[in-house]
Every structure is written in structure tokens, then in C-alpha cells.
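Chain by chain, the residues run as shown.
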Amino acid sequence: MAPDSERRETRDRRRFARGGRREYDREGFSPLILVVDEDADSSARSEAILAALKFAVAPARSADEALAVMRALRPNLVVARVSDPQRLERQMASSELTAAVPVLIVTDDMRAPQDLIAAIRRVLGARTVA
């Protein structure tokens, strides 16, 4: 028997399921988006916007870090705001694992969140139709 200091104050919940899918959860598709951004503030904003819209988000701070993340995760899309986008695209094209993943390069005309979201939805919509 456990000493009084180790006893639970509430009832034992170990036999009740927690986490994971629940019977009332809706079926659906939550695309994983890899956000590659060298600016921490911009990256945090993008991650918060995408998470609020129910996208799964994985952050990366550089092209090299993005490739390392992509070895572990299989994102549906890479959204990149980097100083050298061609370098990221070259590195991704050089690997079979990452070549099929579309890359959306964030430009200055995508400053408004709704423009970025519309571009993401266009790319993902084109991927699901094909």
C-alpha cells in the first residue's frame, strides 16, 4: 500500500481513455504545412494563423532545417519566406523524398493573411484534384 503522501486526491482515471480520436470527432483532412521562415516574428504569425484555421503546422528556420524536418514528417506543402528561395527549391528537388512536395514562396504581395491563405488553398486544392 502506498504511503499517504503518494495517494491520489482524486479518483483514478487510468482506465478511462484520454487523448486521440473521440467518437464525436469529425473525420477530415488536416494538411501538414511546413513553415520555413528566417524571421522568428513572421514565422510565429504564420504559424498562429494557420493553426487557427486548423492546419497542422511544423516550423523550420532555414532550408537545412526544413530538409531535416521533412525526413521525419511528410508535409503536404512547404510555405517559405527565405532570402534565397531558389536554394531551398534546389535542395528539395535533389531528393526523391522531398521533390514531390509543393513549395509556396511567400512574396511581398502576400502580406495580408487572407492572400497567403488563398494561395495555400489554391495549391492544396490543385494537389487533391490531381
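Just so it is clear, the model here is predicted, and its values are computed rather than measured.

Definitions and limits used
Numbering of residues begins from 1 in every chain and follows the order in which that chain's sequence is written. Totals for whole chains, interfaces and linings use every residue, but because this is a predicted model, local features are given only for residues with pLDDT of at least 70 and side-chain atom pairs only at 80 or more, for both listing and counting. Calculated side-chain values reflect all of the structure's heavy atoms, with hydrogen atoms and water omitted. The definition of a nonpolar core used throughout is a set of buried Ala, Val, Leu, Ile, Met, Phe, Trp, Tyr and Cys residues joined through side-chain atoms within 4.5 Å. Accessible area is worked out with a 1.4 Å probe on protein chains only. A residue is then buried under 20% of its type maximum, exposed over 50%, and partly exposed in between. Numbering goes from the N terminus for both helices and strands, where a helix is a DSSP run of H or I of at least four residues and a strand is a run of E of at least two. Residue contacts are counted whenever heavy atoms from the two residues lie within 4.5 Å of one another. Each direction from the helix axis to a C-beta atom contributes to the arc, which is the arc of those directions. Only strands that DSSP links by at least two bridges are regarded as paired with each other. Between the N-to-C directions of two axes lies an angle of 0 to 180 degrees, each axis being a line fitted to C-alpha atoms and, for a helix, fitted only over the stretch in contact. Roughly parallel covers angles under 35 degrees, roughly antiparallel covers those over 145, roughly perpendicular covers 65 to 115, and oblique covers all other angles. Helix crossings fall into two classes, left-handed where the near helix is turned counterclockwise from the far one by less than a right angle and right-handed where it is turned clockwise. Lys, Arg, Asp and Glu make up the charged group, whereas Ala, Val, Leu, Ile, Met, Phe, Trp, Tyr, Cys and Pro make up the nonpolar group; the residues left over, Gly among them, are polar.

## Comments concerning the nonpolar core
Line of reasoning, step 1. Membership of the largest hydrophobic core comes to 16 residues, with the highest contact counts inside it found for Leu34, Val36, Ala66, Met70, Val78, Leu88 and Met92.
Line of reasoning, step 2. Here this core gets five residues from one element, more than from any other, and that element is helix α2 (residues 63-72).
Line of reasoning, step 3. Sequence-distant contacts of Leu88, defined by excluding residues within four places in its chain, comprise Ala63, Ala66, Val78, Ala80 and Val103.
Line of reasoning, step 4. One finds Leu50, Phe55, Leu116 and Ala119 within the second-largest nonpolar core, a separate group that totals 13 residues.

## Some words on helix α3 (residues 85-93)
Line of reasoning, step 1. Within α3, burial applies to Pro85, Leu88, Gln91 and Met92. What you see down the axis of α3 is that its buried residues fit within an arc of 130 degrees, all on one side. Exposed residues on α3 whose side chains face more than 90 degrees from its buried face are Arg90 and Ala93.
Line of reasoning, step 2. Check the buried side of α3 and you find it contacts α2, β3 (77-81), α4 (96-99) and β4 (103-105).

## Observations concerning the pairing of β3
The side chains of a regular strand alternate between both faces of the sheet.
Line of reasoning, step 1. Among the five residues of β3, four are classified as buried, and the element is accordingly described as predominantly covered.
Line of reasoning, step 2. In this sheet, β3 lies alongside strand β1 (residues 32-37) in parallel orientation, the contact comprising five bridges. Pairing of Leu34 across the sheet is with Val78, part of β3.
Line of reasoning, step 3. Relative to β4, β3 is paired through three bridges, and the arrangement is parallel.

## Side note on the packing of α2 against α3
Line of reasoning, step 1. It is at 10 Å that the axes of α2 and α3 come closest, and there the two elements cross at 30 degrees. In terms of orientation, α2 lies roughly parallel with respect to α3. For α2 against α3, the interelement crossing comes out right-handed. Where α2 abuts α3, its residues Ala63, Asp64, Ala66, Leu67 and Met70 lie against Arg87, Leu88, Gln91 and Met92.
Line of reasoning, step 2. Here the residues of the contact of α2 with α3 sort into six nonpolar, one polar and two charged.

## Thoughts on the environment of Pro102
Line of reasoning, step 1. Looking at where Pro102 falls in the secondary structure, it is placed in the loop between α4 and β4.
Line of reasoning, step 2. In this structure, the C-alpha to C-alpha distance between Pro102 and Val123, residues 21 residues apart in sequence, is 7.7 Å.

## Points about unusual backbone geometry
Line of reasoning, step 1. Even without being a glycine, Lys54 presents a positive backbone phi close to 70 degrees.
Line of reasoning, step 2. Within the fold, Lys54 resides in the loop between α1 (40-52) and β2 (56-60).
Line of reasoning, step 3. Look at Lys54 and you get exposed, because its relative accessible area is 64%.

## A closer look at the sheet that holds β2
Line of reasoning, step 1. Strand order in the open sheet formed by four strands is β2-β1-β3-β4, with parallel pairing between adjacent strands. In this open sheet, the two strands that pair with only one neighbour each are β2 and β4. Along the sheet, successive strands turn relative to each other by an average axial angle of 20 degrees, direction set aside.
Line of reasoning, step 2. Sheet contacts for α1: β1, β2 and β3; angle to β1, the most-contacted strand, approximately 165 degrees.

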